[in-house]
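The lines below spell out each chain.
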Amino acid sequence: MKSFNLPSSRLLHRLLSPLLGAAALMSVLAAAPAMAQSSYNVGATSTGVPFTFLDIKTNKLQGMMVDTVTAVGSKAGFSVNIQQTPFSALIPSLTGNKIDIIAAAMLKTEARAQIVDFSDPVYSYGEGLFVNAQDQKVYKTLDDLKGEIVGAQVGTVFVDALNKKGGFKEVKTYDSVADMMRDVGLGRIKAGFGDRPIVAYQLSQGANPQVRLVKEYQSTLMGDVCLVIRKGDPKLMERLNKAIAELKADGTLARIVDQWKLN
């Protein structure tokens with residue numbers, strides 16, 4: 001009967017060492033938490049001064065929300081790649097995985113919250129009304145514009161609100177506030193509605209001297225501006241909200257708001 005010699009203990013150790021090492025490594029990797037993403041693509045518009053806009057001198061997007069998402073990323077430990085995106089394409093780009101975060105003057109609404117997730121607020125504001133500079137009538141509410149042609153930027157909550165309110169001859173939509181101001185200045189429409197701080201900032205910078213902001217108008221669509229992400233990413237949301245809370249606590253967010261004259 002043929003006998004088989006068992007390998008020595010030293011040889012057995014040499015044979016099994018690679019396998020044991022691989023098993024140990026797999027065990028460590030399995031136990032370690034997943035590495036947090038270190039970079040995110042951020043969608044921002046080029047026409048939302050002072051929240052987001054294209055600086056023609058640097059050819060880069062700047063503004064309050066650009067500074068905010070950059071500060072949030074720095075605090076949370078990730079970098080941001082800001083990408084120019086039309087306002088109406090922000091949510092489709094997010095849900096289509098072209099961008100990871102929206103940083104724009106986008107108000108949180110119930111309809112939007114069914115599609116995407118909003119962080120804790122970073123700023124709050126309402127709509128502003130602007131008319132031709134020669135029109136000195138006092139407009140306090142939407143009822144003062146019954147029977148008139150008015151305008152709003154496509155993709156904003158103001159379009160739906162004006163159509164729901166009714167009583168207007170027509171609600172025209174525009175790709176940008178600048179286009180709307182042009183038509184108000186030329187008398188093509190009676191009035192335009194836009195994000196009040198955006199309109200106020202642009203007019204203060206001499207954007208269109210043929211248009212004036214109606215100071216007496218009372219905003220009815222107050223809302224919160226937040227960072228926006230795809231649904232189903234609680235870890236990213238936790239990182240964002242933690243960073244936002246820290247930026248509020250240390251005064252960084254307030255300084256950003258002051259810098260862009262949004263108080």
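Now for a quick tour of the structure.

Cut-offs and rules
Residues numbered from 1 in each chain as written. Predicted model: local features only at pLDDT ≥ 70, side-chain atom pairs only at ≥ 80, totals over all residues. Heavy atoms only, no water. Helix = DSSP H or I, 4+ residues; strand = E, 2+ residues; numbered from the N terminus. Contact = heavy atoms within 4.5 Å. Pairing = 2+ DSSP bridges. Buried < 20%, exposed > 50% of the residue type's maximum accessible area, 1.4 Å probe, protein only. Polar contact = N/O pair within 3.5 Å; in protein donor to acceptor, adjacent residues only side chain to side chain. Axes fitted to C-alpha atoms, helices over the stretch in contact; angles between N-to-C directions.

This brings us to the environment of Ala71. Tracing the chain through its elements places Ala71 in helix α2 (residues 64-76). When the C-alpha atoms of Ala71 and Leu247 are compared, they prove to be 7.9 Å apart, with 176 residues separating the residues in sequence. Residue contacts for Ala71: discarding those within four places in its chain leaves Leu247, Thr252 and Ile256.

Quick look at the sheet that holds strand β3 (residues 52-55) now. Strands belonging to one sheet form pairs held by backbone hydrogen bonds; the direction of such a pair is parallel or antiparallel. Here 3 strands make up an open sheet; going across it, the order is β2-β3-β4 and the pairing antiparallel. Both edges of this open sheet fall to β2 (47-48) and β4 (60-62), since each of them pairs with a single strand only. Bridge count between β2 and β3: 2 bridges; the pairing is antiparallel. Considered in β3, the bridge of Thr47 is made with Phe53.

Here the focus is the side chain of Thr68. Locating Thr68 in the fold gives a position in helix α2. Beyond its immediate chain neighbours, meaning those up to four positions away, Thr68 contacts Val122, Leu247, Leu253 and Ile256.

Attention shifts here to the environment of Arg112. As for its position among the elements, Arg112 is in helix α4 (residues 110-113). Of the residues examined, Arg112 reaches a relative accessible area of 10% and is grouped as buried. Along the sequence, Arg112 and Val228 sit 116 residues apart, while their C-alpha atoms lie 9.8 Å from each other. Discounting chain neighbours no more than four positions away, the residues touching Arg112 are Phe87, Ile91, Met106, Leu107, Phe118, Gly155, Thr156 and Val157. Polar side-chain contacts of Arg112 include one of 2.6 Å to the backbone oxygen of Leu107.

Moving on: the sheet that holds strand β15 (residues 228-230). Ordered in space as β5-β1-β6-β15-β7, the 5 strands form an open sheet in which the pairing is mixed. In this open sheet, the two strands that pair with only one neighbour each are β5 (79-84) and β7 (116-118). Here β7 runs beside β15; their pairing, made up of 3 bridges, is antiparallel. The residue of β15 that forms the bridge with Phe118 is Val228. Contacting β1 (39-44), β5 and β6 (101-102), α2 crosses the sheet at an angle of about 155° to β5. With respect to the sheet, helix α8 (residues 234-249) is in contact with β1, β6, β7 and β15, its orientation differing from that of β15 by roughly 165°.

Geometric values such as these leave the question of function open.
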